There are 2 protein chains.
Amino acid sequence: MSTPVPVPNTPQLLSAAAPLREAAVPLPLADVLIQDHFWTPRLQVNREQGIDIQYGHLQDVGALDALDFSHPQPPLPIPVINNNQVTPVMWWDSDIAKWIEAASYSLETHPDPRLENLVDDAVARLAKAQQADGYLNSYFTGREPDKRWTNERDWHELYCAGHLIEAAVAHVQATGKRTLLEVVERYVALIAQVYGPGPGQKRGYPGHEEIELALMKLYRISTNPEHLALAEYFVNERGQQPAYFDLEAVARGDNPASFAFGSNEYAQAHKPVREQNEVVGHAVRAMYLYAGMADLAAELGDTDLLAACERLWDDLTTKRLYITGGLGPSKDNEGFTFDYDLPNDTAYAETCAAIALVFWAQRMLAITGDGRYADEMERSLYNNVLAGVSLDGRKYFYDNVLESRGDNHRWDWHPCPCCPPNLLRLLTSFGAYVYSRTESQLWVNLYVAGEAQVQLAGQDVRLKVQTEYPWDGEITLTTELAQPATFILKLRIPGWSQGAALTVDGQAVDTQNDQGYVTLTREWKSGTEIRLSLPMPVQRVWAHPAVRADAGLVALQRGPVVYCLEETDVHQHLHQVVLPDTSEVTAHFEPSLLEGVTVLTAQGRYDLPSENMALYSSTPPGAETISVTAVPYYAWDNREPGEMRVWLRRS
Amino acid sequence: MSTPVPVPNTPQLLSAAAPLREAAVPLPLADVLIQDHFWTPRLQVNREQGIDIQYGHLQDVGALDALDFSHPQPPLPIPVINNNQVTPVMWWDSDIAKWIEAASYSLETHPDPRLENLVDDAVARLAKAQQADGYLNSYFTGREPDKRWTNERDWHELYCAGHLIEAAVAHVQATGKRTLLEVVERYVALIAQVYGPGPGQKRGYPGHEEIELALMKLYRISTNPEHLALAEYFVNERGQQPAYFDLEAVARGDNPASFAFGSNEYAQAHKPVREQNEVVGHAVRAMYLYAGMADLAAELGDTDLLAACERLWDDLTTKRLYITGGLGPSKDNEGFTFDYDLPNDTAYAETCAAIALVFWAQRMLAITGDGRYADEMERSLYNNVLAGVSLDGRKYFYDNVLESRGDNHRWDWHPCPCCPPNLLRLLTSFGAYVYSRTESQLWVNLYVAGEAQVQLAGQDVRLKVQTEYPWDGEITLTTELAQPATFILKLRIPGWSQGAALTVDGQAVDTQNDQGYVTLTREWKSGTEIRLSLPMPVQRVWAHPAVRADAGLVALQRGPVVYCLEETDVHQHLHQVVLPDTSEVTAHFEPSLLEGVTVLTAQGRYDLPSENMALYSSTPPGAETISVTAVPYYAWDNREPGEMRVWLRRS
């Protein structure tokens, strides 16, 4: 019942040799049906608006035309970045690749001949742009043919290659067409000649990680050991001394000390990855690297490498992550700063970084089966990730503040348009995050109404899910299978929930869970009804006291959804709003607001200046009582422009 | 008893024709004796350390040598500013001039032949550097002779000229030597040829205001109407359309739209000054302009111009001033942003800006006699200004945050060293801010132990002041004069005080005051003892609710002194400290701390993470009780490096 995909291997379970826990893999996209009041509209606008809009932007900026070297190269867009050293044109190929990848996922669930033609055309352009030796990069071939492989630190060649690989894997899986796969296999063969530990090779690695996880995807369908070896080389060579980026800078006549971002921490290349304990540098680079490390650890059964991933995960989630699942607070390096530095009004929290965290979390969950990875995956998805795109699917946030004076708004397009196609591909492949499976287990990681189809115990099993999650915590799962069969169903008990209750065919089942999942092992019959009840009271959330930006403040969360105040619902100057600890916060669903959201309401206070109050006064301000309405953070900035605030004053 | 100064005019009262209130003038520096436990050490290190240290820096950077064009010009220091368009070398002459001005004030109160020789040498170098046509600017003469007067917006020529004028006036008043005065008179004559409304003249004005107030100082000793006229021209031409800075940019081949600071608001040149209602742009520029406007308004009896000053004052002090008397919150433009934008941890609040506010406040006070100007003068002096220099007189803050994570420290020197010599000249002329006088009145504006000498009602009057201000509000003033005489004594009742009490020779006198001053009119005899008692309870201060950065926070002030917490006295992570409203704050003097300060102590709370607290938790943090000690803000960063915080959490 899966779409037949004539490729060497469909996504496969880990090799039996791996000493790690039998890792789970996502279900094929075509085997996941999503019919959900919350997600279906989001996925629909993404598919029906996003794919075409973004294709239009790629045409308009000239990214597609840049693949045709017989025409004049399209002008360099402004702004250029870092004193003219880097231009967005350098990563146009990655934008095209992410679009192909996203469109391919869409074709897997929603066949569309018109779209398939557009994809085929883009693939054909890429194939035509490939050079005789396998090289494929429109910027360097079209504009700077002498500068190939001379500045991997800044110039994104391997990054673009990585996205081409991901696109190729998605394309062949969706369509069975091998053109792009063969293109990237030739390109990878060239890269493996250029980079490596052998004589005459460059001992380099990517400035912007991405190709590592891409090579692992490629290896899983190619089973070509060179692909695995190259990924392994890139991961292990990273951060070795002497520093490749410094040698490379000297070789091209630059002073490594004048690197715009100061240190090789920027690209997580300051020390070998197995010795890294802190998430540092550019956040997207970091997440892509860690995702690739996790893939490699799983494939090789490399527990040391997995341990590094776990240390980095702990560092991120205990000290450097926003409540919205955003990460990388600083605009300066698009990345990390220091422990507990999580400013709200200047939060960078790039949409791509939250998406990349979802990628990493998915892998960690697959390897360890630990629900804490699912918790963070869910946190990012329902908050920072979804905030990255407007409800109409047409505008995008690049950075995601948690407090706005009213001057933060989504873009039609961005000079560095990495986030929109990243959203596009995440949402077109959303089904891959909902379920996963091992040989004998079906895991439900997110609660989304719809259906999963999976072969277990030798027969086709269908699991139907009914729920109004995230607005309601009642979930009904129903099995459908021809013959009774024994397999394991794993149901996630979210970290945010307390008092979960479970029945199977009306009989209470203990919700004692192992690492965030209840394990149901039994002989299943068709029509068995599993009811999971996750109470969803409104939660006041406090940050760890070390978080300076949130000191004395409280946030509101219900289920996985983080809330915010918007000026349009409350009052201007949201910093004057106080939510007393004693004030009861109630939730109700508003079907006509923001395409249907549960809002929170409470009685609050609003500071007022005392009469003729000076700028500074020994008389405290007064206050009036106001009604406070909070809306889901992901839905903010979809109405009148105005202030927004996640962390609220309390008393 | 004044030092005889053989110049045409000592600082003089406004012309009788002026319709404004009979304005007050400062007492000559030599007539003010400061013997004060608080100020004397500050003035002493300034004089004994600051003057020599800063001279050394001027030598070391090459600023003095740059005046000798027969030698190779010293190298351009880095960093250059604004994409190479501006270099600190462009304002080296102003640094030298401010140093001469400061040293001259010092010579007035503390004659010192060695220093006088250094000053004379610097003056001689300047005189030698003057060109035949009167031009005097080491940068343009030495390095870019073809670029004179081509970029007044950015290149500080008139700014440097202004400081040379101020230096010349101070020098002649201190020493009677006219060399520098004659140099600047020739230079001003050239400037008056180059700039003006006549045919063939440039209709320009300074990019960085300063020369306006300098010309007014010059005019008051020269009585040369050309000096007044040039000041008047610069003030009135400013902001006229078409915009001179734009025409000038086009003339040199630049695009005005690419001005690094966006708009002519940066230099208060966006509209005629009489139409300005908002303090905008670069804060130091703004303050110097407004000071010059006030001078001109006073001189001409120009009530319209004074009204503009008053509107701008109201705007500043009701919406855009830090509690420390700092101003200009943004590093980007070294200046103003929008109403109530007063961030604490990124406060720019340049030391020069607070000093310049003191200059402006002094003038507004002189013209209006309104104590609210003295209140802000005092606020800046006791807080932001004094914070600008270390207690040992050797290090300087350029920007003055109100909250530090521990990484803000005073500089030995700064790439743009405007603030150190500004502090130097303010502190060597500190006596000028303590008293002022009119024909028949002696005003006591600040309470500083020591003595004032002044001729009133035809005879020498001496007023002795005893006080431990600002640590104590008890002030005893004693008169000394040969014969009984009738004159008016004006004693300031600070805006921060409540319940002031006053006796004259033991008899209670009503402290009902007129605009912040008690007026004592009587026939005074020698030995009359006036006791003013200003109660100094610790005050909790609240910011206007519109100030986002201070929402829910409280500051501590006692008398004019604003307090802060320092990590060394309290605890790391000062954001975890809470001062309950119910907690009594007590004051006591610590003679051995920070050269003797009154500290505040209270019981506070310190947030603690709950057990195994996650980064985000639905369990609030706990707290422990801690002792909280606050020290005067001006004295911070004189011990171990650490965090600092003015605005405290409360509960």
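Residues numbered from 1 in each chain as written. Chains lettered and ligands numbered in written order. Predicted model: local features only at pLDDT ≥ 70, side-chain atom pairs only at ≥ 80, totals over all residues. Heavy atoms only, no water.

Participant: In this structure, what is going on with the side chain of Ser 222 of chain B? I would like to understand it.
Facilitator: Residue and element names in this part refer to chain B. Its location among the elements puts Ser 222 in helix H8 (residues 211-222). Since its relative accessible area comes to 14%, Ser 222 is described here as buried. Contacts of Ser 222, omitting those with residues within four sequence positions, involve Glu 185 and His 227. (Helix = DSSP H or I, 4+ residues; strand = E, 2+ residues; numbered from the N terminus. Buried < 20%, exposed > 50% of the residue type's maximum accessible area, 1.4 Å probe, protein only. Contact = heavy atoms within 4.5 Å.)

Participant: Any chance you could explain the environment of Val 509 of chain B here in plain terms?
Facilitator: Residues and elements named next belong to chain B. The residue Val 509 is located in strand E11 (residues 507-509) in this model. By relative accessible area, which is 21% here, Val 509 ends up partly exposed. A C-alpha to C-alpha distance of 15 Å links Val 509 and Glu 523, two positions 14 residues apart in sequence. Those residues in contact with Val 509 that lie beyond four places of it in its chain are Leu 502, Thr 503, Val 504, Leu 520 and Arg 522.

Participant: Which parts of the structure should I look at to understand the packing of helix H13 (residues 351-368) of chain A against helix H15 (residues 419-428) of chain A?
Facilitator: When two helices pack together, you describe them by how their axes are tilted relative to each other and by the distance separating the axes. Residue and element names in this part refer to chain A. Contact pair H13 / H15: the axes reach a minimum separation of 9 Å and the direction vectors enclose 30°. Regarding the angle of H13 to H15, the classification is roughly parallel. Crossing angle aside, the handedness with which H13 passes H15 is left-handed. Contact residues: H13 offers Thr 351, Cys 352, Ile 355, Val 358 and Phe 359, while H15 offers Cys 419, Asn 422, Leu 423, Arg 425 and Leu 426. Among the residues forming the contact of H13 with H15, the class breakdown is 7 nonpolar, 2 polar and 1 charged. (Axes fitted to C-alpha atoms, helices over the stretch in contact; angles between N-to-C directions. Parallel < 35°, antiparallel > 145°, perpendicular 65-115°, else oblique. Left-handed = near helix turned anticlockwise from the far one by under 90°. Nonpolar A, V, L, I, M, F, W, Y, C, P; charged D, E, K, R; others polar.)

Participant: I keep staring at the domain arrangement of chain A and nothing clicks. Help me out?
Facilitator: One widely used convention gives an interface's size as the accessible area the parts lose upon coming together. Residue and element names in this part refer to chain A. When its domains are assigned, chain A resolves into domain 1 (438-533) and domain 2 (538-650). Every contact between the two is made by 4 residues of domain 1 and, on the other side, 13 residues of domain 2. Together, the buried faces of domain 1 and domain 2 total about 660 Å²; carbon and sulfur atoms form 61% of this surface. By the criterion of area lost to domain 2, the three top residues of domain 1 are Pro 470, Trp 471 and Trp 496, representing 92% of everything that side buries. (Domains from an automatic or database assignment. Buried area = accessible area lost by both parts, 1.4 Å probe.)

Participant: Would you mind going over the sheet that holds strand E8 (residues 474-481) of chain B with me for this structure?
Facilitator: Backbone hydrogen bonds are what pair the strands of a sheet, in a parallel or an antiparallel way. All names here are of chain B. Pairing in this open sheet of 7 strands is antiparallel, and the strands run E2-E6-E7-E8-E13-E10-E11 from one edge to the other. Both outer strands of the open sheet, strand E2 (32-34) and E11, are each paired with one neighbouring strand and no more. The mean inter-strand angle of the sheet, taken between neighbouring strand axes irrespective of direction, is 20°. In this structure, E2 lies alongside strand E6 (residues 450-456), joined through 3 bridges in antiparallel fashion. By the bridge assignment for E6, Leu 33 is matched with Glu 451. (Pairing = 2+ DSSP bridges.)

Participant: Explanation requested: the pairing of strand E15 (residues 553-558) of chain B in the structure shown.
Facilitator: Looking down a regular strand, the side chains alternate between one sheet face and the other. Residues and elements named next belong to chain B. When you tally the buried positions in E15, you get 6 out of 6 residues, the bulk of the element. What you see with E15 is no split at all: Leu 553, Ala 555 and Gln 557 on one side and Val 554, Leu 556 and Arg 558 on the other are buried throughout. Relative to E15, strand E14 (residues 538-543) runs antiparallel, the two sharing 4 bridges. Bridge assignment links Val 538 to a residue of E15, and that residue is Arg 558. As judged from the 2 bridges shared by E15 and strand E23 (residues 648-650), these two strands associate in the antiparallel manner.

Participant: It is not clear to me how the interface of chain B and chain A should be interpreted in this structure. Could you clarify?
Facilitator: Facing the 45 residues of chain B at the interface are 45 residues of chain A. Taken together, both faces of the contact between chain B and chain A bury some 3400 Å²; the carbon and sulfur share is 62%. Taken as a group, Arg 548, Leu 615 and Tyr 616 of chain B account for 26% of the area that chain B buries against chain A, more than any other trio of residues on that side. In this structure, the connection of chain B to chain A is made through 4 salt bridges. Among the salt bridges present, the one from Arg 548 of chain B reaches Asp 345 of chain A, with a minimum N-O distance of 3.1 Å. Taken together, chain B and chain A are joined by 16 residue pairs in polar contact (both at pLDDT 80 or more). Elements with a contribution of two residues or more to the side of chain B that touches chain A: helix H12 (303-319), E14, strand E19 (597-608) and strand E20 (616-617) of chain B. (Salt bridge = Lys/Arg side-chain N within 4 Å of Asp/Glu carboxyl O. Polar contact = N/O pair within 3.5 Å; in protein donor to acceptor, adjacent residues only side chain to side chain.)

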